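What follows is the residue order along each chain.
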Amino acid sequence: MKHKRLAAAVLAAAFWLTGCGGAAAPAAPAGSGAASQSAADTAVQTAQKDRITEQFTLEKTVRDEYGITQKLTIHVPQLVCDGPDAAYLNDELAAMYAADFRQYEDSPEIEPQQDEWSPEIYINWDAYWYGDCVSLVVFRYDGGSDPGYSRGWCFDFATEKQVSVTEMLQRMGLDPDAVQQQMLRGAMQTFDRRMAQGGYYEGLLSGGNLASMRMNTLENNQLDDLCLLLPEQDRLVLRGGCSSTAGSGWRQLDVEIPLQAADPQPQTVLTDTYGSASVQLEGTQGTITLRRTPETAAWDADYGIRLEQDRTYPILGIYNEYVDVCIGELGASFHPVVYLLTKDGVVEYVDVLRCLISGNALVCQDPIYIANQGVALERSGKEVILHQEDGSVLELAPLTAEWNAQEIPSEAVGAFNDMSDNQFDWMDVKSNGSVQMGVQDNNVFYQGYADYLGVVPEGMVLGVSTSETADGMPGITFVAAMKYDLYNETLTLTMLDGQKPFAEGKTQLQLTRCPDN
């Protein structure tokens, strides 16, 4: 059985740029022929195999402490290097993958009965090389319906140092920021596609569960949390995952990243105009333009929204590829909603007025997963309908109102304190959207309401609008992205627009969750 698949073809230094921490292998001299090149490749592969061995191997069927027959196939790698980084990584691998199974090394082999179902634990690894650097990927499957999961580490044998995925990409000549965006878009497209194909159910809107799942998909696909794979000479794959309603709630996914920039292709430009609003989508960028007209001027008296002049806003939180766009209305007054149809036939939307009430950030709301199998959008009167593959049509206004009503995500619900700089500020958010805040060392007290608007890489976006205080101070409005750290029980609040409610001049604040009473 072959337990290590060293991707030697990837390492041919003639293909790659200068290797991690070392020089590229010299080109074969003229006239050396394929035999000489093959010998050089064989030598490289042999050297790589000598650098990684197995520190723990176990293949047997045993009976555990509960009397259950269990098949174990365990292969745990180790780096053959004397440096402290290698020692630390080897110890980490041993603790994660070997420690729980050493007790079975001396256990007798069990021959299971023919009618006996034996769960299997499978741990194995792959090594993908780039010069002197290796990307070590360990896969674990614990049986059952979940498909297993991978973790990865990158190590440079030339410097004897562990390196990050970001550093590996830089040494390959790639822009990590651009790769990060490709990864997030790929992960979100996969998540949205799976939800539309049957993962969504109505209860996900309660408690903000849908928002939490989309946020988890963004948060857990940051570059340095991913596995880097080089399955073939000219292929780079990043392995991450996305939230799921099945099993453990997480599914592994691979996103292929182009190693070379493709020739620029003409981008399809999608546009629509309705009343005082227009939208344009081009590739991965989208904007909404509002014109100063009597119908938008009326927003000042009705909602406190003053549009002094024509203004163009970027659309935040769009991750898919789109094939159609259309603007319609909600309600009696001018209330524009921009609908976007993805290539997978799912409808997303930007409720313009709802976003502007809290600030100048237009965020794309979570997709309406039950508005799927769409082929085109059409304005019918003031509202927009979706034409579906089976010839039926679907009114989108009622679904928009339903999606707008979903509760605040649970991670942002609760009481949070900030006591930095000897100041005491606090915020309390309820699941129904009611908000209370004590700011300026708890000398100013605000009450108001928060709307969930969508997700961006910085967090789940809330638009907050507060009323005039008891002392006659005007209320404040702001839009902030909120990301909760479950381990440290802290909420990072990143300002996107509006009046900063807490520390003057700060665009980011970390709040600590208050203990439950």
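Just so it is clear, the structure is predicted and the values come from calculations on it, not from any experiment. (Residues numbered from 1 in each chain as written. Predicted model: local features only at pLDDT ≥ 70, side-chain atom pairs only at ≥ 80, totals over all residues. Heavy atoms only, no water.)

1. Looking at the layout of surface pockets
- Space inside the second largest pocket adds up to approximately 630 Å³.
- Lining the second largest pocket are 31 residues, and of these Tyr149, Ser150, Arg151, Asp225 and Cys227 sit closest to its centre.
- The set of elements that each furnish at least two residues to the lining of the second largest pocket consists of β5 (133–141), β6 (149–156), β7 (161–163), β8 (227–232), β9 (235–243) and β10 (250–257).
- Residues of the lining of the second largest pocket, tallied by class, amount to eleven nonpolar, twelve polar and eight charged. (1 Å grid on protein atoms, 1.4 Å probe; cavity = no way out; pocket = protein on both sides within 12 Å on 5 of 7 lines; lining within 4 Å. Points joined across faces, edges and corners; volume = space filled by probe spheres on them. Helix = DSSP H or I, 4+ residues; strand = E, 2+ residues; numbered from the N terminus. Nonpolar A, V, L, I, M, F, W, Y, C, P; charged D, E, K, R; others polar.)

2. Thoughts on helix α2 (residues 84–98)
- When the terminal C-alpha atoms of α2 are compared, their 20 Å separation across 15 residues agrees well with the 21 Å that a helix rising 1.5 Å per residue should span.
- Considering only its buried residues, α2 is in contact with β2 (52–63), β3 (69–79), β4 (120–130), β5, β6 and β7. (Expected span 1.5 Å × (residues − 1). Contact = heavy atoms within 4.5 Å.)

3. Things to note about unusual backbone geometry
- Notably, Glu160 is not glycine yet its phi reads approximately 60°, a positive angle.
- Tracing the backbone through its elements, the reader meets Glu160 in the loop between β6 and β7.

4. Side note on the side chain of Ser243
- In this structure, Ser243 sits in strand β9.
- On the basis of relative accessible area, Ser243 is assigned to the buried category, the value being 7%.
- A distance of 3.0 Å separates a polar atom in the side chain of Ser243 from the backbone oxygen of Met213.
- Among residues more than four places away in sequence, those in contact with Ser243 are Phe191, Met213, Asn216, Thr217, Gly249 and Trp250. (Buried < 20%, exposed > 50% of the residue type's maximum accessible area, 1.4 Å probe, protein only. Polar contact = N/O pair within 3.5 Å; in protein donor to acceptor, adjacent residues only side chain to side chain.)

5. Focus on empty space enclosed by the protein
- Taken as a whole, this structure holds two cavities of 30 Å³ or more when the rule is applied.
- Space inside the second largest cavity adds up to approximately 30 Å³.
- Lining the second largest cavity, in full, are Tyr349, Asp351, Arg354, Cys355, Val363, Gln365, Asn404 and Leu453.
- Elements with a minimum of two residues in the lining of the second largest cavity: β17 (347–351) and α7 (352–356).
- Of the residues in the lining of the second largest cavity, the class split is four nonpolar, two polar and two charged.

6. Let's talk about the nonpolar core
- In terms of nonpolar packing, the biggest core is built from 66 residues, with Ile288, Leu290, Val338, Val350, Met427 and Met437 touching the most fellow members.
- It is strand β26 (residues 444–456) that provides the largest number of residues to this core, a total of seven residues.
- Discounting chain neighbours no more than four positions away, the residues touching Met427 are Gly414, Ala415, Phe416, Val435, Gln436, Met437, Met482, Leu491, Leu493, Phe502 and Leu511.
- Met183, Leu205, Leu230 and Leu396 belong to the second-largest nonpolar core, a separate cluster that totals 53 residues. (Core = buried A, V, L, I, M, F, W, Y, C linked by side-chain atoms within 4.5 Å.)

7. Considering the confidence of the model for the chain
- In this model, the chain carries a mean pLDDT of 87, and residues with pLDDT of at least 70 account for 88%.
- In the model, residues 1–19 has pLDDT below 50 throughout and makes 56 contacts with residues more than four positions away in sequence or in other chains.
- Contacts of residues 21–37 to residues separated by more than four positions or lying in other chains number twelve contacts, the stretch itself having pLDDT below 50. (pLDDT = per-residue confidence, 0-100.)

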